[in-house]
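These are the residues of each chain, in order.
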Amino acid sequence: MRTNFPHIRLRWPRVGSATAVTAALVLAGFGTAVHADATTSSKVTWAATPCATPKKAGELACNSLRVTGGTTAFQKARGITPKAADAATPSGYGPSDLQSAYGLTAAAAANGSGETIAIVDAYNDPNAEADLAKYRSYYGLPACTSASGCFKKVSQTGSTTSLPSSDAGWSEEISLDLDMVSAIAPNAKILLVEAKSATMANLGKSVNEAITLGAKFVSNSYGGSESSSDTSYDSSYFNHPGVAITVSAGDDGYGAQYPAASKYVTSVGGTALSTSSNTRGWTESVWKTSSTEGTGSGCSSYDAKPSWQTDTGCTKRMISDVSAVADPATGVSVYDSYGVTAGWYTFGGTSASSPIIAAVYALAGTPGSSDYPAQYPYAHTSSLNDVTSGNNGSCSTSYFCTATSGYDGPTGWGTPKGVSAFTG
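Residues numbered from 1 in each chain as written. Predicted model: local features only at pLDDT ≥ 70, side-chain atom pairs only at ≥ 80, totals over all residues. Heavy atoms only, no water.

### Section: the overall build of the protein chain
So, point 1. Scanning the protein chain from N- to C-terminus turns up 12 helices and 21 strands.
So, point 2. Taking the intrachain contacts of the protein chain between residues at least 6 apart in sequence as the baseline, contacts between residues at least 24 apart amount to 74%.
So, point 3. As displayed, the protein chain has an accessible area near 13,800 Å², and 51% of this comes from carbon and sulfur atoms. (Helix = DSSP H or I, 4+ residues; strand = E, 2+ residues; numbered from the N terminus. Contact = heavy atoms within 4.5 Å. Areas by Shrake-Rupley, 256 points an atom, 1.4 Å probe, with all protein chains shown as cover.)

### Re the nonpolar core
Generally speaking, nonpolar side chains in soluble globular proteins are found buried as a group.
So, point 1. Judged by nonpolar contacts, the single largest core of 58 residues is most densely connected at Leu98, Ile117, Leu178 and Val332.
So, point 2. Residues within four places of Leu178 in sequence aside, it is in contact with Ile119, Ala128, Leu132, Phe151, Ile190 and Leu192.
So, point 3. Listed in part, the 46 residues of the second largest apolar core include Trp170, Met200, Ile245 and Tyr258. (Core = buried A, V, L, I, M, F, W, Y, C linked by side-chain atoms within 4.5 Å. Buried < 20%, exposed > 50% of the residue type's maximum accessible area, 1.4 Å probe, protein only.)

### Quick word on the state of the cysteines
Linking two cysteines covalently through their sulfur atoms gives a disulfide.
So, point 1. Per the stated rule, a full pass over the model turns up four disulfides.
So, point 2. The disulfide bridge from Cys144 ends at Cys150, spanning 1.9 Å between sulfur atoms. One disulfide, between Cys144 and Cys150, carries an S-S torsion of -90° and so falls in the left-handed class. One exposure class covers both Cys144 and Cys150, and it is buried.
So, point 3. Shown here is the disulfide that connects Cys299 with Cys314, its sulfur atoms set 2.1 Å apart. Its S-S torsion of approximately 80° makes the covalent link between Cys299 and Cys314 right-handed. With a gap of 15 residues between them, Cys299 in strand 15 (residues 298-304) and Cys314 in the loop between strand 15 and strand 16 (316-319) connect regions that are remote in the sequence.
So, point 4. Note on Cys314: relative accessible area 2%, which makes it buried. (Disulfide = S-S within 2.5 Å.)

### Considering the environment of Gly424
So, point 1. The topology assignment puts Gly424 in the segment after strand 21 (415-416).
So, point 2. For the pair Gly424 and Pro367, spaced 57 residues apart in the sequence, the C-alpha separation amounts to 6.7 Å.

### Concerning the pairing of strand 10 (residues 244-248)
So, point 1. With five of five residues buried, strand 10 is to be regarded as a mostly interior element.
So, point 2. As defined by bridge partners, strand 8 (residues 217-220) adjoins strand 10 across four bridges and the pair is classed as parallel. Residue pairing across strands places Phe217 opposite Ala244, the latter belonging to strand 10.
So, point 3. Pairing analysis gives three bridges linking strand 10 to strand 11 (residues 266-275), with the strands arranged parallel. In the sheet register, Ser248 faces strand 11, and the bridge partner there is Val268. (Pairing = 2+ DSSP bridges.)

Purely spatial values, then, with no claim about function.
Below is the structure:
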């Protein structure tokens, strides 16, 4: 197991501030980043959610950021003037926006029934079901409750009563994950598995428990530095043929993280998503705020290259496979109430893109029993929106960190254009 704080070194300079004081605030979860997006009229500010800084040695970090002010892309496109993050009204993209952007409107309405999407996170969100109900009711999505059997919350051992200790930071992450699954696949069942802590062992056991309980789609929005133990974690927690396991690529800019580097998962990068006058109606670029904040990507130091990944610059596993919206300035609406003023918040980070992609897999249907669904997009590259602009840092091999036509590290083969790229 890791015995260090995997993200502290990477997250220390998150804002790019000139002062150590601001950097320390960021590390504590209170600093802000500023992004002047082309679609906004005022700068959007945000802060890493508290779970982005591990509380204890050996814990992994969530990959989410919460908007604290400014005018988001959603607000600008609709001429909405209230400040972002006032909690009173949504200030980020909702289900109809995301379904439109990714060509999923028809599939979201017709598909997903009978499928179970699992969310794996650490610690307990005591308000998870109530907050989920607020989100779904506001956007006119069908109710998803424990009473109906649509929603279920369990510990890493499968208990519905003996749950981990509650944590406000991870509760924000949980709300984000549950709402993104709901936005994309409103007819699917949702299983929330809460690990007793954010170690790889406990999160990994939660992945196994989710699959034991029948989930064929499992989203993971956390990560940390790679280590020589990763290949053993692969065998213990992520080698599940017939299950689509998605993992966030990370929010620290260019650089490989685990478990996104696992050869058995779909690693999910992040984009900036804005409306456009083009045929699609939307445009995307690599999400990058600074050299230390943006979507992760890179060539793994430990994990072997899966047979279906054929880029030639990296002899081992390359991150990412696909991508979806992650830039907080073009972020998504989430309802949350535990440890914060109850209401609407806008979130970004690759913690948004991972559950989005897990839900797209669910709309596409149950994977083949012996398949590793990470390979599906590689066989259907024309059914993805190729992201060709932007970068997430500096690298010696250009496509590791810079978008290009076809495959690149920050965005993989691109973003969903319907469900065809996510079927066998």
